[in-house]
Amino acid sequence: MPTNAIREIRNDDQLKAYYALCRYCFIDDIGWTGHIHPLPGKGSYSLGVFDDNGRCESGISDIRFTTRYFGKDWPSSGISAVASDPTARNQGQIRRIMEALLRRDRDEGVGLSYLYPFSYRFYRKFGYGTLGSYRVFTLDPEEIRPIKSDLHVAQINWEGDDFEHMCDLNNHWIQEYDGASYWPYRSFEASKASAERYRHYYYLLRDGGGTLKAWLRFSQNDDWSKPGMFVHKMVWADPQGLAGIFAFLASHRSQIKEIQLVGPHGLPVDQFCLEHRPKTRLSQEWMARPLDPAALLAAAVAERDFHGEFAFSLIDPSLEENSGRYRIQGGTVEFTPEAADDLPDALPFDLFSSLLLGGLSTAQARLAGLIDPHQLEGSETLFSAGRNIMISEHF
């Protein structure tokens, strides 16, 4: 295979070279760059470019999972561990790998691709749009109001069936959110090893009959002057479960000074606080794009029961079969493929991704001058933003 050819990263020497590149490129204070493989999910893979001496010049991992969007399940991919050696940058290697990943994903039936961008401008070139914002809350346990909870709290029992019950509750919980992932995201063995390696704690909350009502995963920092807790994930079945989580967090009053957690816009964290004003910031950390725009657009039309009419054209910078004219009429989506040269009025694909997936509304796009005042007339109720988006796994 010629130098600079894209290869699937499989053997031990390739993995070691890729890990070494990732250790150079990322600030890694927890050791994750030595444990990238085996990747979560069936069908996940990594691609890289190697020099004649076996040194990895560039590499990307593609993690497969299933997410909810528009009330449907979609085979999805998460772009992860994007690394490039300084000597190989500005040579188009990452672009070539990204295009190979997107092509393979589309051919294998993946509907949505997600990523955490190092640069929004860079990934817009591949059609990724913003997913809007979610909220990051910071609070002292002392700020949590008194909560009476009858739920029984215990750490996970890795020897029992706790993990299976956690998966079941997760898969019930995600039905409320776009972008959330089904479990098991990682296998039982990988989840247990990850918890031990990174010192993550799992606590489960059950009612008197033993039914799992909530669970959470968190870690604690080692700052003796301001000990803190970061809640990586929390899942609840109903209001009783959510209240139980906050009662559990409040029990750390004499131990923890600061708790940080993330949640969608609808999560009423302030209502669990005495003063109703926890420190809150918006985070816009995720991007995504459809790999089959017509299918995702049809799902959005069906979910919203949309019967308006409008049309637009798109040029897909990475998957030419998606380029063409789209018309929404009578609750259906019509797509006519056309060459990019015949689409002078095409929407930027990254803008379309943001509109479709809820990161931006038609009104916001007009206000920001991203589209002309009369462009996309009739799309306002379909591209209205404000979706309940929650990226539940960080890859």
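Here the structure is a predicted model, which means the values were calculated and not measured. (Residues numbered from 1 in each chain as written. Predicted model: local features only at pLDDT ≥ 70, side-chain atom pairs only at ≥ 80, totals over all residues. Heavy atoms only, no water.)

## A short note on the packing of aromatic side chains
Then comes step 1: With the rule as written, the count across this model stands at 33 aromatic pairs.
Then comes step 2: When the ring of F306 is compared with that of F310, the centres are 5.9 Å apart and the planes differ by 75 degrees; the resulting orientation is edge-to-face. Exposure class is identical for F306 and F310. Each is buried.
Then comes step 3: Where F312 meets Y326, the ring centres are 5.4 Å apart and the plane angle is 5 degrees; that geometry is what we call stacked. Residue F312 is found in strand β15 (residues 310-314), and its partner Y326 is found in strand β16 (residues 324-329); the two are separated by 14 residues along the sequence. (Phe/Tyr/Trp six-rings, centres within 6.5 Å; stacked < 30°, edge-to-face > 60°. Buried < 20%, exposed > 50% of the residue type's maximum accessible area, 1.4 Å probe, protein only. Helix = DSSP H or I, 4+ residues; strand = E, 2+ residues; numbered from the N terminus.)

## So, helix α7 (residues 293-304)
Then comes step 1: With 12 residues, α7 extends 16 Å from end C-alpha to end C-alpha; this agrees with the ideal 16 Å at 1.5 Å per step.
Then comes step 2: Once α7 ends, the next one or two residues include D305, with phi positive near 50 degrees. (Expected span 1.5 Å × (residues − 1).)

## What to know about the packing of α7 against helix α8 (residues 349-357)
Then comes step 1: Taken N-terminus to C-terminus, the directions of α7 and α8 make an angle of 25 degrees; their axes are 11 Å apart at the nearest point. By the angle class used here, α7 and α8 are roughly parallel. When you trace α7 past α8, the crossing you get is left-handed. Mapping the contact onto sequence places P293, L296, L297 and A300 in α7 and F349, F352 and L356 in α8. (Axes fitted to C-alpha atoms, helices over the stretch in contact; angles between N-to-C directions. Parallel < 35°, antiparallel > 145°, perpendicular 65-115°, else oblique. Left-handed = near helix turned anticlockwise from the far one by under 90°. Contact = heavy atoms within 4.5 Å.)

## A few points about the nonpolar core
Then comes step 1: One finds L216, M234, L249, L261 and F312 to be the most contacted residues of the largest nonpolar core, which totals 99 residues.
Then comes step 2: The element contributing the most residues to this core is helix α6 (residues 239-250), with seven residues.
Then comes step 3: Ignoring sequence-local partners within four residues, the contact set of M234 consists of W173, W215, L216, L242, I245, F246, L261 and L267.
Then comes step 4: I97, F126, M287 and L319 belong to the second largest nonpolar core, which has 20 residues in total. (Core = buried A, V, L, I, M, F, W, Y, C linked by side-chain atoms within 4.5 Å.)

## Some thoughts on the pairing of β16
Then comes step 1: The pairing of β15 with β16 spans five bridges and is classified as antiparallel. Note that in β16 the partner of F310 across the bridge is I328.
Then comes step 2: Note that β16 and strand β17 (residues 332-337) share six bridges and pair antiparallel. Across the sheet, the residue bridging to R327 is E334, located in β17. (Pairing = 2+ DSSP bridges.)

These results come straight from atomic positions and should not be treated as a statement about function.
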